[in-house]
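Spelled out, the chains give:
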Amino acid sequence: MASLITTKAMMSHHHVLSSTRITTHYSDNSIGEQQLKTKFQVPHRFFARRIFGVTRAVINSPAPSPLPEKEKLEGERRCHVAWTSVQQEKWEGELTVQGKIPTWLNGTYLRNGPGLWNIGDHDFRHLFDGYSTLVKLQFDGGRIFAGHRLLESDAYKAAKKHNRLCYREFSETPKPVIINRNFKNPFSGIGEIVRLFSGESLTDNANTGVIKLGDGRVMCLTETQKGSILVDHETLETIGKFEYDDGLSDHMIQSAHPIVTETEMWTLIPDLVKPGYRVVRMEAGSNKREVVGRVRCRSGSWGPGWVHSFAVTENYVVIPEMPLRYSVKNLLRAEPTPLYKFEWCPQDGAFLHVMSKLTGEVVASVEVPAYVTFHFINAYEEDENGDGKATVIIADCCEHNADTRILDMLRLHTLRSSHGHDVLPDARIGRFRIPLDGSKYGKLETAVEAEKHGRAMDMCSINPLYLGQKYRYVYACGAKRPCNFPNALSKVDIVDKKVKNWHEHGMIPSEPFFVPRPGATHEDDGVVISIVSEENGGSFAILLDGSSFEEIARAKFPYGLPYGLHAVPC
Ligand SMILES: CC1=C(/C=C/C(C)=C/C=C/C(C)=C/C=C/C=C(C)/C=C/C=O)C(C)(C)CCC1
Ligand SMILES: [Fe+2]
C-alpha cells in the first residue's frame, strides 16, 4: 500500500517517486494525509477486460528521430513539442514505468487530438486544423504498452496523395490549383457554395473527440458529421466511416461530444438553415439516430450558437445557445476571419434550453448572461421542495468569461511564439441555474474562485458514474501563471471550493482523465491519467491519485508527443 502526502502550503516543493526529479505541487487546501487504497481488485465497468496476455512479446518500433534542422518547417522550429507535428505516422512499444500502476487498472486509454499541422510546404494556422492523431496507453498488470497513429481520414489521405490541403479544415481552405487554363481543382472556385452546403468540401478529419459506443465500437469525431470514423482501439487502425442510417446526415454539423452510456448515445445536430438544434438519440448497436425533439433558437441572429458540447441530467438534455454563432458568410470565406466560421452576437442574447428526454418537449428556455464555453462539465436536477420533483437544473461548464479571445490564442503562431508569457485569457467554472418554473431568466455564477486554479479552466473530466447526477469533483487543466496555455492539472472540489494543482515547470499536460477504481465508494477514489508534453522535447504519461492528486506513476515515451484533446477508456 502506498502512502502519499498532500502538500499543505502553497508553492511547497517535494520529491515524488524519484529522487532525481522535483515535482512542484501547489495547493490551497489542507485535506491532509491520504491513503492510496489498492486492495480491492473488483473488475471495473470500463477497465475490467484484460487486453492481452503479459507474455505477449512487444517489439518497440524505432522511435521517431528528430528531423534534420534544414527539413524542419520554419513555423515549428524550436517551439514547444506540444505544438510540433508528430515525426512519423505510427509507433508502438512498451514504456518503462516509474512508480506503481494500480493492479486494477487494465485496459486501454485512447486519446484523440490534432497531431500533424503541415502538409507539403503548407503550415496550418490553428491548433484545431491538425490531422487526427490517436495515442494509446494499454495498461496490463502494471505494464504500459503505448503507441500513436494518424487517423486515415479522407482529408489526411488526400493531403498525403496530393501533397497539399484538399478539404476545408477549421481555419484552412484549400487554395485553387489551376491544372490548365480551363480546369480548376474540384475544391475551389465556382460551385464552392453548392459544395459547402452539400458538405463535399468539408473535412472528415475526426481530430476532436473519441467515444466508445455501448456495443463496443470506438468512434473518432469532429464537428462535421462525415468526420465520424471507426477505429480499432488496439491497433489504432482506421476501420472506416461510421455510416448513419437515418437521413440526418444532410445537416453536416454535429456536436463533437455526444453523451454515451452503455445503452444509448445522445447528441445535438445544429440546423444552419432554420436556426435551431435537433436533439437525437441512438440505441447501442444501432446506426440510426431518432429525433427526440427540436429547439428553435431564441435570438434573431442568422445562425445557431456554436455547440461543441452540451450536458444531460437524468431526465433532461441541456442545450446551449451561445452568442458565439455560426456565420454563413464566414463559413463561405476562404480566408479566416478573427472568429473563423463564427461571429460574436451578444446583443442577440445568450440562452439555455432544457428538453425532456422522454417527450422531446422543451420544458425551459432561459436567457442568461453572455458566455463562451466549449466544454460542459456535468449537469443535474435539484429538488428544492423535497417532493421528488426537479425545480432547478444546475449545469456546469468551463467558461471563458464571455471572451472569445481564447479562439485566437489557440492559433499555432501565438502558441509557438508566446511560451512563458502570461497571455492566456482567464477562465472559470461557470455554474448555470436554470429554473423549471417558467421563469424567463437563468443565472450564471463562478462556482469556485478562479484564482485557485490559476484562472485557466478547460479540458475537464468527472467520475463517469456521476454523469447527470449531483457531483463534487471536477478534473481539468488549470494554470500556474505566467503561461500562454493551461500548464497545470487541477482537481476542483466544487462543494468545499478547494483546489489541488499539479504542475511542473515547462510541461503541458493534456486533459486529466478520471478512471474510478472498481468497487470505490468515494467519488474521487480512482486515478487520473494525462499525457504531458515536455519543454525539452519529450513526453510522458502520468498517473495521479484521484483523491490526494499526488503522482503515483509516470512512463516516458521515447519521443515527444504533441498536445492532444480528449480520451476514452476502452
Ligand atoms: C472543419 C469545420 C468545423 C470544425 C470545427 C472543429 C474541428 C472544432 C473543434 C473544436 C475544439 C477542438 C474545441 C476545443 C476547445 C478547447 C479549448 C477552448 C481549450 C482551451 C484551453 O484553455 C466547423 C467550424 C464546425 C465548421 C466548418 C468546418
Ligand atoms: Fe472538445
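Provided above is the structure to which this section pertains.
Now for a description of the structure that goes with this document. The structure displayed is predicted, hence computed values, not measured ones.

Some details on unusual backbone geometry
Cis peptide bonds are those with omega within 30 degrees of zero, and the linkage from Arg 481 to Pro 482 qualifies with 0 degrees. As for its placement among the helices and strands, Pro 482 is situated in the loop between β34 (473–478) and β35 (488–493). The backbone of Asn 163 shows a phi angle near 55 degrees, a positive value even though the residue is not glycine. One non-glycine residue with positive phi stands out, namely Met 459, at about 55 degrees.

Re the site of ligand 1
The environment of ligand 1 is made up of 20 residues, and the closest members are Phe 128, Thr 222, His 308, Phe 374 and Pro 486. When ligand 1 is considered free in solution it has 700 Å² of accessible area, and contact with the protein chains removes 98% of it. For the shell around ligand 1, a count of residues per class yields eleven nonpolar, five polar and four charged.

Comments concerning the sheet that holds strand β18 (residues 238–241)
Ordered by their spatial adjacency, four strands build an open sheet running β15-β16-β17-β18, and the pairing between neighbours is antiparallel. Unpaired on one side and paired on the other, β15 (209–212) and β18 mark the two borders of the sheet. Across the sheet, the mean angle from the axis of one strand to that of its neighbour is 30 degrees, orientation sign disregarded. Here strand β16 (residues 218–221) runs beside strand β17 (residues 228–231); their pairing, made up of four bridges, is antiparallel. Bridged to Cys 220 within β17 is Ile 229.

Looking at the environment of Pro 569
With respect to the helices, strands and loops of the structure, Pro 569 is situated in strand β42 (residues 567–569). Here the alpha-carbon distance between Pro 569 and Ile 211, two residues 358 residues apart in the chain, equals 8.5 Å.

The rules behind each value
- Residues numbered from 1 in each chain as written.
- Chains lettered and ligands numbered in written order.
- Predicted model: local features only at pLDDT ≥ 70, side-chain atom pairs only at ≥ 80, totals over all residues.
- Heavy atoms only, no water.
- Helix = DSSP H or I, 4+ residues; strand = E, 2+ residues; numbered from the N terminus.
- Near = heavy atom within 4 Å.
- Areas by Shrake-Rupley, 256 points an atom, 1.4 Å probe, with all protein chains shown as cover.
- Nonpolar A, V, L, I, M, F, W, Y, C, P; charged D, E, K, R; others polar.
- Pairing = 2+ DSSP bridges.
- Axes fitted to C-alpha atoms, helices over the stretch in contact; angles between N-to-C directions.

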